[in-house]
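Fold and contact review
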Amino acid sequence: MTDPINKSVTVPLSPDEAFNLFTKGIDTWWPGETHSVSAHNEKAPRKISFAAHKDGDITELTDDGETLIWGKVMAYDPGKFLAFTWFPGKTEAEATVVTVAFKQTEDGTQCDLTHGGFDILGGLADAVSASYLTGWDMVLGCFCAAAKPKVFA
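What you see is a predicted model; the values in this text were computed from it and never measured.

Calculation notes
Residues numbered from 1 in each chain as written. Predicted model: local features only at pLDDT ≥ 70, side-chain atom pairs only at ≥ 80, totals over all residues. Heavy atoms only, no water. Helix = DSSP H or I, 4+ residues; strand = E, 2+ residues; numbered from the N terminus. Buried < 20%, exposed > 50% of the residue type's maximum accessible area, 1.4 Å probe, protein only. Polar contact = N/O pair within 3.5 Å; in protein donor to acceptor, adjacent residues only side chain to side chain. Contact = heavy atoms within 4.5 Å. Pairing = 2+ DSSP bridges. Axes fitted to C-alpha atoms, helices over the stretch in contact; angles between N-to-C directions. Expected span 1.5 Å × (residues − 1). Bend = angle between axes of the 7 residues up to and from the residue. 1 Å grid on protein atoms, 1.4 Å probe; cavity = no way out; pocket = protein on both sides within 12 Å on 5 of 7 lines; lining within 4 Å. Points joined across faces, edges and corners; volume = space filled by probe spheres on them. Nonpolar A, V, L, I, M, F, W, Y, C, P; charged D, E, K, R; others polar. Core = buried A, V, L, I, M, F, W, Y, C linked by side-chain atoms within 4.5 Å. Phe/Tyr/Trp six-rings, centres within 6.5 Å; stacked < 30°, edge-to-face > 60°.

1. Comments concerning the side chain of threonine 23
Its location among the elements puts threonine 23 in the loop between α1 (15-22) and α2 (26-29). Threonine 23 gets classed as buried once you look at its relative accessible area, which sits at 0%. A polar side-chain atom of threonine 23 sits 2.8 Å from the main-chain carbonyl oxygen of phenylalanine 19. When neighbours within four sequence positions are excluded, threonine 23 is seen to be in contact with Phe50, Tyr76 and Leu82.

2. Notes on the sheet that holds strand β4 (residues 67-77)
In a beta sheet, neighbouring strands are held together by backbone hydrogen bonds and run either parallel or antiparallel to one another. In spatial order, the strands read β1-β7-β6-β5-β4-β3-β2; together these 7 strands make up an open sheet with antiparallel pairing. In the strand order of this sheet, the two ends are held by β1 (5-11) and β2 (47-50), each with one partner. Each strand of the sheet is rotated relative to its neighbour by a mean of 20 degrees, with strand direction disregarded. Here β4 runs beside strand β5 (residues 81-86); their pairing, made up of 4 bridges, is antiparallel. Pairing of tyrosine 76 across the sheet is with leucine 82, part of β5. Packed onto the sheet, α1 meets β1, β2, β4, β5, β6 (96-105) and β7 (108-116) and runs at close to 150 degrees relative to β6. Set on the sheet, helix α3 (residues 125-147) makes contact with β1, β5, β6 and β7; between it and β1 the angle comes to about 10 degrees.

3. Thoughts on α3
In this model α3 runs 32 Å from its N-terminal to its C-terminal C-alpha over 23 residues, within 8% of the 33 Å that 1.5 Å per residue would give. Where α3 bends most, at glycine 135, the angle is about 25 degrees. Within α3, the full set of buried residues consists of Ala125, Val128, Ser129, Gly135, Trp136, Val139, Leu140, Phe143, Cys144 and Ala147.

4. Comments concerning the layout of surface pockets
Considering only enclosed or pocket space, the largest pocket measures out at about 410 Å³ in volume. Together, 17 residues line the largest pocket, and His35, Ser36, His40, Pro88 and Tyr132 are the ones closest to its centre. Of the residues forming the lining of the largest pocket, the biggest block, 6 residues, is contributed by α3. Of the residues that constitute the lining of the largest pocket, the class distribution is 9 nonpolar, 7 polar and 1 charged.

5. Side note on the nonpolar core
Ranked by size, the top nonpolar core spans 31 residues in total, and within it Phe22, Trp30, Leu82, Phe84, Val100 and Phe143 carry the most contacts. Ranked by residues supplied to this core, first place goes to α3 with 6 residues. With residues near it in sequence (within four places) discarded, phenylalanine 84 still touches Phe22, Phe50, Ile58, Lys72, Val73, Met74, Thr96, Val97, Val98 and Val100. In this structure, Ile5, Phe118, Leu121 and Val128 belong to the second largest nonpolar core, which totals 5 residues.

6. What about the pairing of β6?
With 6 bridges joining them, β5 and β6 adopt antiparallel strand pairing. Paired with tryptophan 86 across the bridge in β6 is threonine 96. Relative to β7, β6 runs antiparallel, the two sharing 9 bridges. Bridged to threonine 105 within β7 is glycine 108. As consecutive antiparallel partners, β6 and β7 are separated by 2 residues.

7. Quick word on the packing of aromatic side chains
For the structure shown, the criterion picks out 16 aromatic pairs. The interplanar angle of 55 degrees and the centroid separation of 5.5 Å between the aromatic rings of tryptophan 29 and tryptophan 30 together place this pair among those described as tilted. For the pair tryptophan 70 and tryptophan 86, a centre-to-centre distance of 5.6 Å together with 85 degrees between the ring planes defines the contact as edge-to-face. Of this pair, tryptophan 70 sits in strand β4 while tryptophan 86 sits in strand β5; the two residues are 16 residues apart in sequence, bridging distant segments of the chain. Overall, tryptophan 70 belongs to the buried group, its relative accessible area being 1%. The class of tryptophan 86 is buried, set by a relative accessible area of 5%.

Spelled out as structure tokens, the structure:
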């Protein structure tokens, strides 16, 4: 059995702002040039979108105009909680589950991400889990960088 991955970052935003950046603003911070289905073909996606409602899709629009589904929104509670299936480049039958909780802190918003359900991948579960262990660090680093105020000289 593969344990869920737990990651936590704090961003200098309100919970609503952090939630909106994570979802509606995903195309502004997600590292599509390295972490997308298109990246396997050495291309960046045209757009990455996150549906703003339960049962909506998380999608990648490829350079060729094809829409690829990365996951499905299971819970969408703005500023508080998000849950979605996750299967970029795989079938929905191979979906794992990601949850993100948004909590106000003195320094902004703590975003607690949990990614589990790897056992559905059978013999690949350990390898896939290990890749996400470091992958989420990189991706959440991009999220944090996008959340910081821009300083212009």
